Amino acid sequence: MSVRVRVDGAEHVAERGQTVAAVLLAAGRGSWRTTRIGGRPRGLFCGIGVCFDCLVVVNGVPDVRACQRVVADGDDIRSQDGAELPS
């Protein structure tokens, strides 16, 4: 069964149980966050939630680890630009 999510405004179909990182990688995205200092691109690094390279904003909540968050139908996923405060 599939779910629909939005990634930076574009609609994507994901498989139920996929992580946000898996959806982003399947969409051809290698990076989805920039560093606070220097704006360097970051994406999936450790894949197990130890590092903080894969942070994204999900449904307005920043600093979500894409490698650990399982997508839900209707999720709004956004690339994270440096450090962001919750909205």
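Residues numbered from 1 in each chain as written. Predicted model: local features only at pLDDT ≥ 70, side-chain atom pairs only at ≥ 80, totals over all residues. Heavy atoms only, no water.

**Student:** So what exactly am I meant to see when it comes to the overall build of the protein chain here?
**Tutor:** When its secondary structure is counted, the protein chain shows one helix and seven strands. Listing each helix as α and each strand as β along the protein chain from the N terminus yields β-β-α-β-β-β-β-β. Taking 12 Å as the expected radius of gyration for a compact globule of 87 residues, we find that the protein chain reaches 12 Å, a close match to that expectation. Oriented by its inertia axes, the alpha-carbon framework of the protein chain measures out at about 40 × 25 × 20 Å. Counting the 87 residues in the protein chain, one finds 34% classified as buried. Partitioning the contacts of the protein chain with sequence separation of at least 6, the portion at a separation of at least 24 is 36%. (Helix = DSSP H or I, 4+ residues; strand = E, 2+ residues; numbered from the N terminus. Rg over C-alpha atoms; globule rule 2.2 N^0.38 Å. Buried < 20%, exposed > 50% of the residue type's maximum accessible area, 1.4 Å probe, protein only. Contact = heavy atoms within 4.5 Å.)

**Student:** Help me out: how do you make sense of the nonpolar core in this one?
**Tutor:** Most often, soluble globular proteins have nonpolar side chains that are buried together. Counting residues in each nonpolar core, the largest one holds 17 residues, and the members touching the most others are Val-5, Val-20, Trp-32, Val-56, Ala-66, Val-71 and Ile-77. Breaking this core down by element, the ones donating at least two residues are β1 (2-7), α1 (20-26) and β5 (55-58). With four residues, α1 is the largest single contributor of residues to this core. What Ile-77 contacts, discounting residues up to four positions off in sequence, is Val-5, Arg-6, Val-7, Asp-8, Val-20, Val-56, Val-57, Val-58 and Val-71. (Core = buried A, V, L, I, M, F, W, Y, C linked by side-chain atoms within 4.5 Å.)

**Student:** I tried to follow unusual backbone geometry on my own but got confused; where do I start?
**Tutor:** Backbone geometry places Asp-8, a non-glycine residue, at a positive phi of 50°. Position of Asp-8 among the secondary structure elements: in the loop between β1 and β2 (10-15). Taking the relative accessible area as the measure of exposure, Asp-8 reaches 38% and is therefore partly exposed. Its identity is not glycine, yet Asp-63 carries a phi of approximately 65°, on the positive side. With respect to the helices, strands and loops of the structure, Asp-63 is situated in strand β6 (residues 61-65).

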